[in-house]
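# Results of the structural survey
Spelled out from the first residue to the last, the chains are:
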Amino acid sequence: MALLKVKFNQKKRVKLAQGLWLMNWLSVFAGILLFSMGLFLKIELRKRSEVMDNSESHFVPNSLILMGILSCAFNGFAGKICYDSLDPAKFAKWKPLLKPYLALCFVFNILLFFVALICFLMRGSLDSTLAQGLKNGMKFYRDTDTPGRCFMKKTIDMLQIEFKCCGNNGFKDWFEIQWISNRYLDFSSKEVKDRIKSNVDGRYLVDGVPFSCCNPSSPRPCIQYQVTNNSAHYSYDYQTEELNLWRRGCREALLHYYSSMMSSMGAVVLLVWLFEMSVMVGLRLLHTSLESITNPEDPECESEGWILENSLKDTFKSALENLKKIGKFNQVEADAGGAEGEEGGKTPAITTVS
């Protein structure tokens, strides 16, 4: 029994073809939307590529760009088919291409669904990418005189100001690295010498943070240095008082920013996928309804359209049998080739009569 069998007359076939033509061109605009989203996300990721450890995060925007291009191509082609289906003479040339085209559409929709899932599941990979990238970026914060790294201070400062964050996981991350360049340290000072000697790696570590960690909305002047020293500031207790530094780490801020963006894009891709699936189902119905016309000379006669010629169970069994046949055919060919090789390797016996 065919799956989703529908009866069509001439009027219904025309309406289906016209509706599919319109839906295909709407899908072309949906493809342009996918392409635009991928391009926008790629630009946003490139803006902060200095604080990302690898290029895996670009898989999502690249996939969206590719799916957008394929969507425009597939749906533009389907729109042409639907338009020509109104004329039996024009539609005849598309008949041999429809089955392969529908198979490609099916593969395309599987890939589109996969891209939608990746948009939702990319958070874990993005988290590790940002954690390592920010850690490396903070290490190079002081290298303002080093070629290739002189921009890192500005990048980190602008990042912390824009996203209202501080450090990788929090402001205390700055206590573990030397973020002040050696050119601004007085090595003749006893305090500087003592701090460097007290550290195993010979780094100048302070319980302070860059200016970009300060919250300008705080009524109190920014406590940028000696953050954990209560006696250094009047009426101050860093453990109980609300610090005038950004509490949130930049990894969390960026992860929330990109994750919410990708989740929104994933929802849009799912909607596009549902729309593409409905277009593919409609095109299949149009294809089968036109093929099942009993009398081609009478275009007004009734016909039947379906999604699958047999039920899902029967179609699955048929596919398995075809795969088994292909496997057996390959095995027979391999055996035949081996037998020919053995025969070719044999040397004919020659008997000499004296």
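Keep in mind it's a predicted model, so treat the numbers as computed, not measured. Along each chain, the written sequence defines residue order, and numbers are assigned to residues from 1. Reporting of local features is limited, given that this is a predicted model, to residues whose pLDDT is at least 70; pairs of side-chain atoms are given and counted only at 80 or more, and all residues count toward the totals for whole chains, interfaces and linings. Where side-chain values are given, they derive from all heavy atoms of the structure, hydrogens and water being excluded.

Another aspect to go through is the UniProt feature "transmembrane region" (unreviewed entry) in the chain. UniProt feature "transmembrane region" (unreviewed entry): in the numbering of this structure it lies at residues 20–41, 101–122 and 255–275. Note that residues 20–41 is 100% helix and 0% strand, and that its end C-alpha atoms are spaced 31 Å apart. In this text, helices come from DSSP runs of H or I with a minimum length of four residues, and strands from runs of E with a minimum of two, each type numbered from the N-terminal end. End-to-end, the C-alpha atoms of residues 101–122 are 31 Å apart, and along that stretch the chain is 95% helix and 0% strand. UniProt positions are given in the numbering used here, feature names are shortened, and annotations may be inferred rather than shown by experiment.

Looking now at the state of the cysteines. Any two cysteine sulfur atoms lying within 2.5 Å of each other are counted as a disulfide. The tally for this structure, following the rule as stated, stands at three disulfides. Paired by a disulfide, cysteine 166 and cysteine 213 hold their sulfur atoms 2.1 Å apart. Judged by the sign of its S-S torsion, about 85°, the bond between cysteine 166 and cysteine 213 is right-handed. In this pair, cysteine 166 sits in the loop between helix H6 (152–163) and helix H7 (190–198) while cysteine 213 sits in the loop between H7 and helix H8 (250–291), placing the two residues 47 residues apart along the sequence. An identical accessibility class is assigned to cysteine 166 and cysteine 213; each is buried. In this model cysteine 214 forms its disulfide with cysteine 222; the gap between the sulfur atoms is 1.8 Å. Between cysteine 214 and cysteine 222, the S-S dihedral sits near -65°, and the bridge is therefore left-handed. Whether a residue is buried, partly exposed or exposed follows from its accessible area with a 1.4 Å probe, protein chains only, as a fraction of its type maximum: under 20%, in between, or over 50%, in that order. On the accessibility criterion, cysteine 222 (35% relative accessible area) is partly exposed. Taking only the cysteines that form disulfides and numbering them from first to last, the chain has the pattern 1-6, 2-3, 4-5.

Our next topic: the packing of aromatic side chains. Two rings belonging to Phe, Tyr or Trp (six-membered ring only in the last case) form a pair when the distance between their centres is within 6.5 Å. Interplanar angles under 30 degrees mark stacking, angles over 60 mark edge-to-face geometry, and anything in between is tilted. This structure, assessed with the given rule, holds eleven aromatic pairs. Judged by centre distance (6.3 Å) and plane angle (70°), the rings of tyrosine 141 and tryptophan 179 are edge-to-face. With tyrosine 141 in the loop between helix H5 (123–139) and H6 and tryptophan 179 in the loop between H6 and H7, this residue pair connects regions lying 38 residues apart in the sequence. What makes tyrosine 141 buried here is its relative accessible area of 3%. On the numbers, 5.9 Å between centres and 75° between planes, the contact of phenylalanine 171 with phenylalanine 175 is edge-to-face. For the residue pair phenylalanine 171 and phenylalanine 175, the accessibility class agrees, reading buried in each case. Feature note: the residues Phe74, Phe77, Tyr101 and Phe108 constitute an aromatic cluster, connected by ring pairs.

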